[in-house]
Amino acid sequence: GATTGASAASSGCVSSAAAAASSHHHHQDPADDPFHNTCLSGKFRLLVVDDDETFRIMFVRRIKRMFPNSIVDESPSGEDSIEKAKKDVYDLVTMDHFMALDELNGADTIRALRANHCDACIVGISGNIKTVHHLEAGADDFIRKPVPTDKRFIRRLVSKMSPPVTWKVLIADDCKLNLKFMHRKLLKVASPHYTTKQVADKRWQFTLKTNGEDCVDCLKEEWFDLCVLDQHMGPGLKGTDVASFIRKGAVNPNAIVVINTGVEKNLQEQGNWDDNTVPFSFQWTKPAPNLQKIRQDLCLELVAEKTSSGTNFGESLTKAALLKASVNNEEAELIREGEDDGTSSAISEGSAADDSNTSGNEETRQLLEHQKVLQQLYDEIGDEFAFSDMCTLFVTTIPAQLDTIDQSLGEHDWDNLSLILHKLTGTLQVFHIDACVALVKPLYEQSLVLKTRGRKRKQGEEAPGDDVPTDELEQMKQSCSQLRGDIVSVIKVCRGVVDNGAGGGAEITED
């Protein structure tokens, strides 16, 4: 397809086949699927809103691979995202739901953004099912963490997003009424969540021409991302003539070119093209398609193929989980025989170990359980770089959070304890570490109770004594100790994945 090919190639993307990209059908065969191993090559501007710094870093890195030519901003709160959206025009905003305890949640933030006429495509992303809350607030879609494969994520966005806010568009038609009609229609296409013409005018820059000769003169001097050309523009150059010039002599020879014609015939089959190459991307029959169809047509032209990471995740995770965990061959074989859910491809061979005591067997069992969970997570994400980044950040950030939990508990700092437990819960939900989430939940609820007591005490209201009861405190300490033990086993598996080079860019320091 005709994409911004030069910029795509320089960023690690190569153009996908036009036939696949414009088929608009979802095929089972990866070779025929326009969304297989894909990215969107346009120069988008995106905003990731999430209070969990670990998730935010992981997701921003992944977004940059899905949108390799784009600017990606990040925001830790609803309030901050509202201020950012006042200053910049975004193509896509992803929104968490439960953020800092005393700040706006995702649904309230979306409602405020829409009230401020933010017309970006907004997608709710949360570890909790908040679909109705976000859609009713004005979101265009909702996805539950962890974010699915790039293929599925991009497929969902294609019919909801508009092409990048930075686009320059040329429209040509000898009929001024048709010219005005197409301009008004594309103005709405440019705005993913159209509110007013005044807001939409901040997006694409339009140039309008009434004949082919003026188009050629303009194309020699200016860059255009999209050219919509009437086929029959009086006695001079036709739309297809201008399209042929674009491919040979325009400032941007890779512009998306659409032929708009009132005749229902396939021009691709009618013309005698140079080098047997059709010079336009596709055609529309007047009147133009509906807004969603136009957005989908244009975004599909931006679908490109990501460069392969060249890594073998299966081999890497085998070394990480089985060899690092020192599982003997017999135990590994029993686990292989017991798994039949299609997610155990990474489990191949174990290594000999002499440890046969109860604690060693329990550690082995935990490591294998976590390895299986992470394998399922990888299968869901389907990207080696993204998965390795997640493991890297888990290793580099979670130990410090565990230390903060112990310190806050020792100092009876319930405000900080509730905050760090909230963040840890979000990270564990992303990783599907349900056993650890179950340990964190009662700790988090108890910290909120103690936090409320402290606030009442400061306000002079009646509340239980300053110190938490001894038995209650001991129970919290035991839960924290168990939580640390479980999470350490997850860290071992994650460290093994990164140490054995499953991709990713973050660095790990020994600590």
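What you see is a predicted model, and the numbers here were worked out from it, not measured in a lab.

### Observations regarding the nonpolar core
Part 1 of the argument: One finds F67, L298, F431 and I487 to be the most contacted residues of the largest nonpolar core, which totals 87 residues.
Part 2 of the argument: Take this core: its biggest share by element is eleven residues, from helix α20 (residues 470–499).
Part 3 of the argument: Excluding anything up to four places from it in sequence, I487 contacts F394, I398, L402, L424, L428 and C436.
Part 4 of the argument: Grouped together as the second largest cluster of nonpolar side chains are 19 residues, L170, A172, L229 and W273 included.

### Comments concerning empty space enclosed by the protein
Part 1 of the argument: Counting across every chain of the model gives three cavities of 30 Å³ or more.
Part 2 of the argument: Counted as a void, the largest cavity has a volume near 100 Å³.
Part 3 of the argument: Around the largest cavity, the lining is made up of eleven residues, and of these F55, M58, F59, R62 and M390 lie nearest the centre.
Part 4 of the argument: Of all the secondary structure elements, the ones that give two or more residues to the lining of the largest cavity are α3 (53–66) and α17 (384–411).
Part 5 of the argument: Ranked by the residues each element gives to the lining of the largest cavity, the list is headed by α3, at four residues.
Part 6 of the argument: Split by residue class, the lining of the largest cavity holds nine nonpolar, no polar and two charged.

### Some thoughts on the sheet that holds strand β5 (residues 92–95)
Part 1 of the argument: Read across the open sheet, the five strands follow the order β4-β3-β5-β6-β7; overall the sheet is parallel. At either end of the open sheet lies a strand with only one pairing partner, and these are β4 (71–75) and β7 (141–144). Adjacent strand axes in the sheet meet at a mean angle of 20°, parallel and antiparallel pairs treated alike.
Part 2 of the argument: Two elements, strand β3 (residues 45–49) and β4, share five bridges in a ladder whose sense is parallel. Considered in β4, the bridge of L46 is made with V72.
Part 3 of the argument: Helix α4 (residues 78–87) contacts β3, β4 and β5 of the sheet and is inclined by roughly 140° relative to β4.
Part 4 of the argument: Seen against the sheet, helix α5 (residues 106–115) touches β5 and β6 (121–126) and runs at an angle of roughly 155° to β5.

### Regarding the sheet that holds strand β12 (residues 282–285)
Part 1 of the argument: If you trace the five strands from one edge of the open sheet to the other, you get β9-β8-β10-β11-β12, paired in parallel fashion. The open sheet has two edge strands with one neighbour each: β9 (205–209) and β12. The average angle at which neighbouring strand axes cross in this sheet is 20°, direction not considered.
Part 2 of the argument: Bridging between strand β10 (residues 226–230) and strand β11 (residues 256–261) involves five bridges; their strand directions are parallel. In the strand pairing of β11, L226 is matched with I256.
Part 3 of the argument: Taken strand by strand, helix α10 (residues 212–221) contacts β8 (168–172), β9 and β10, and its axis lies near 145° from that of β9.
Part 4 of the argument: Taken strand by strand, helix α13 (residues 291–300) contacts β10, β11 and β12, and its axis lies near 170° from that of β12.

### Digging into the side chain of S77
Part 1 of the argument: Here S77 shows up in the loop between β4 and α4.
Part 2 of the argument: Non-local contacts of S77, meaning those with residues more than four positions away in its chain, are made with V49, M99 and E103.

### Quick notes on the pattern of salt bridges
Part 1 of the argument: This model, assessed by the stated rule, comprises 18 salt bridges.
Part 2 of the argument: Note that K286 is salt-bridged to D173, the shortest N-O span being 3.2 Å. Of the two residues, K286 is situated in the loop between β12 and α13 and D173 in the loop between β8 and α8 (176–190); the sequence distance between them amounts to 113 residues.
Part 3 of the argument: The class for D173 is buried, based on a relative accessible area of 4%.
Part 4 of the argument: One continuous salt-bridge network, built from bridges that share partners, spans R45, D73 and D88.

Definitions and cut-offs
Residues numbered from 1 in each chain as written. Predicted model: local features only at pLDDT ≥ 70, side-chain atom pairs only at ≥ 80, totals over all residues. Heavy atoms only, no water. Core = buried A, V, L, I, M, F, W, Y, C linked by side-chain atoms within 4.5 Å. Buried < 20%, exposed > 50% of the residue type's maximum accessible area, 1.4 Å probe, protein only. Helix = DSSP H or I, 4+ residues; strand = E, 2+ residues; numbered from the N terminus. Contact = heavy atoms within 4.5 Å. 1 Å grid on protein atoms, 1.4 Å probe; cavity = no way out; pocket = protein on both sides within 12 Å on 5 of 7 lines; lining within 4 Å. Points joined across faces, edges and corners; volume = space filled by probe spheres on them. Nonpolar A, V, L, I, M, F, W, Y, C, P; charged D, E, K, R; others polar. Pairing = 2+ DSSP bridges. Axes fitted to C-alpha atoms, helices over the stretch in contact; angles between N-to-C directions. Salt bridge = Lys/Arg side-chain N within 4 Å of Asp/Glu carboxyl O.

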